[in-house]
Amino acid sequence: MSALKESILQKLDTLPDPALRQVLDFMSFLSWKGEGEEGSVLAAAGRLSGDPMSAAQIEEALYGPDRREPR
């Protein structure tokens, strides 16, 4: 095992359960981000509802079809 992993494990052993949950959440985020996702807020927002949404779909849902600026 590398020295870095050992150091991380030693720190983990000293953390209370609530902090360990935060570490796990952060590790999950890092894994998700590393899967080639664009990592933008809009990409994440589209996944929160269960169905992926494009930036245009989110904009239309928030502001309606008439408020979109022409491209």
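As the structure is a prediction and not an experimental result, all values here were calculated from the model. (Residues numbered from 1 in each chain as written. Predicted model: local features only at pLDDT ≥ 70, side-chain atom pairs only at ≥ 80, totals over all residues. Heavy atoms only, no water.)

**Digging into the overall build of the chain**
Alright, step 1. When its secondary structure is counted, the chain shows four helices and zero strands.
Alright, step 2. Sequence-ordered secondary structure for the chain, helices as α and strands as β, is α-α-α-α.
Alright, step 3. Sorting the 71 residues of the chain into buried and exposed places 7% on the buried side.
Alright, step 4. Put simply, the chain shows about 6300 Å² of open surface, and 57% of that area lies on carbon and sulfur atoms. (Helix = DSSP H or I, 4+ residues; strand = E, 2+ residues; numbered from the N terminus. Buried < 20%, exposed > 50% of the residue type's maximum accessible area, 1.4 Å probe, protein only. Areas by Shrake-Rupley, 256 points an atom, 1.4 Å probe, with all protein chains shown as cover.)

**Examining helix H1 (residues 3-14)**
Alright, step 1. In this model H1 runs 17 Å from its N-terminal to its C-terminal C-alpha over twelve residues, within 8% of the 16 Å that 1.5 Å per residue would give.
Alright, step 2. Counting buried positions along H1 yields zero of twelve residues, so the element is predominantly exposed. (Expected span 1.5 Å × (residues − 1).)

**As for the environment of Leu20**
Alright, step 1. Mapping Leu20 onto the fold places it in helix H2 (residues 17-33).
Alright, step 2. Leave out the neighbours within four places in its chain, and Leu20 touches Leu12 and Leu15. (Contact = heavy atoms within 4.5 Å.)

**Remarks on a nonpolar patch on the surface**
Alright, step 1. Side chains of Phe26, Phe29 and Leu30 sit close together on the surface and give an oily, nonpolar patch of about 290 Å² of accessible area.
Alright, step 2. By the element assignment, Leu30 lies in helix H2.
Alright, step 3. Classification of Leu30 by relative accessible area gives partly exposed; the value is 43%. (Patch = residues over 30% accessible without salt bridge, like charges linked within 9 Å, V, L, I, M, F, W, Y side chains within 5 Å. Salt bridge = Lys/Arg side-chain N within 4 Å of Asp/Glu carboxyl O.)

**Some details on the confidence of the model for the chain**
Alright, step 1. In the predicted model, the chain carries a mean pLDDT of 76, and 65% of its residues have values of at least 70.
Alright, step 2. Within the chain, no element has a lower average pLDDT than helix H3 (residues 41-48), which sits at 58, and none a higher one than H1, at 93. (pLDDT = per-residue confidence, 0-100.)

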